Amino acid sequence: MTSYVGTPDADPATGPEPRPHAPAADQDALPDGRGTARAAEAADSRPVRRRRWPWWAELPVMAAVGLLVALVIKTCLFQVFTIPSGSMENTLRVNDRVAVNKLAVLTGWEPQPGEPVVFRDPGNWLPDRKESDGVLPGAVDALLSFVGLLPPKDDNYLVKRVIATGGQTVQCTGTVLRVDGHPVAEPYLHEGDDSCSGLDFGPVAVPQGYLWVEGDHRSNSADSRYHRDGPGDGAVPVANVVGPTAAVVWPLGHLDWFGWSGR
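Now for a description of the structure that goes with this document. Because the structure is predicted, anything quoted here is derived from the model rather than measured.

For the rest of this paragraph, the subject is the overall build of the chain. Scanning the chain from terminus to terminus reveals five helices and twelve strands. Nonlocal contacts in the chain, meaning residues at least 24 apart in sequence, comprise 66% of its contacts between residues at least 6 apart.

Pasting the structure below:
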């Protein structure tokens, strides 16, 4: 006879009755804590509703962050300047907005012949200008200029092309420009101009730490040639250079990119 161990009501032919599963409530109360952990995990997965600020509180915060980002861009990346005259035509035109690459300066860039650069007036290159009220209120205009979204308020900056650097000699005779005695090809000159445009000079030795600069519209540019009586014999201190002109960013019809160093 075969003995059978099971529940009293179990059928020997079918085997023992399966034990019913513990209810969910009993599982949560298991002594090993597994059920409690699952319950806590489920509670933690419920979405937490974050309290939002009202729009009138978010708006000034967003504006402050935007101005901070613009200030960082102006300080470390690019700064916008306005072209006030036709001295760099047709490369740059009157009222063009150009972006100057300040990151290049921070990463060791040094001005080289052929590059258009923006620099602070080294002294009496620009005539006295009557300050314009502009379209925006004075305080707003000054703030946007400070963070680089508008050209500098004082606007005592010029843009010219580097012709020679410290230690080089430059001269122009007839229609030929020479640096260190070698003729320089100038395909960027304004149509109808030649390199000298009726003004012979030199040879001039450019002091170390200075740049000899001239405009692309050679017959309409009061550049180093016209300031020979100033410090550096008309050359501009490298310390005055903001950076290379990287691009025209306005107007849309004259967008242009000159490369990392403005070439």
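Here the focus is the sheet that holds strand β5 (residues 169–173). In any sheet, the strands associate via hydrogen bonds between backbone groups, in a parallel or an antiparallel arrangement. Pairing within the open sheet is antiparallel, and its four strands lie in the order β7-β6-β5-β8. Each having just a single partner strand, β7 (182–183) and β8 (201–205) make up the two edges of the open sheet. Note: β5 against β8, three bridges, orientation antiparallel. Bridge pairing links T169 to A205 in β8.

Cysteine pairs can be covalently joined through their sulfur atoms, and such a bond is termed a disulfide. A complete count under the given rule lists one disulfide for this structure. Two residues share a disulfide in this structure: C172 and C196, whose sulfurs sit 2.0 Å from each other. In this structure, the disulfide formed by C172 and C196 twists by about -100 degrees around the S-S bond and is classed as left-handed. Of this pair, C172 sits in strand β5 while C196 sits in the loop between β7 and β8, and the two are 24 residues apart along the sequence.

What follows covers the pairing of strand β3 (residues 116–120). In terms of residue burial, β3 counts as a mostly covered element, since four of its five residues are buried. Bridging between β3 and strand β4 (residues 157–165) involves five bridges; their strand directions are antiparallel. Bridge pairing in β4 places R120 opposite Y157. Pairing between β3 and strand β11 (residues 241–250): three bridges, direction antiparallel. Bridging from a neighbouring strand, V117 pairs with P244 of β11.

The rules behind the values
Residues numbered from 1 in each chain as written. Predicted model: local features only at pLDDT ≥ 70, side-chain atom pairs only at ≥ 80, totals over all residues. Heavy atoms only, no water. Helix = DSSP H or I, 4+ residues; strand = E, 2+ residues; numbered from the N terminus. Contact = heavy atoms within 4.5 Å. Pairing = 2+ DSSP bridges. Disulfide = S-S within 2.5 Å. Buried < 20%, exposed > 50% of the residue type's maximum accessible area, 1.4 Å probe, protein only.

Function-wise, these values are silent; they only describe arrangement.
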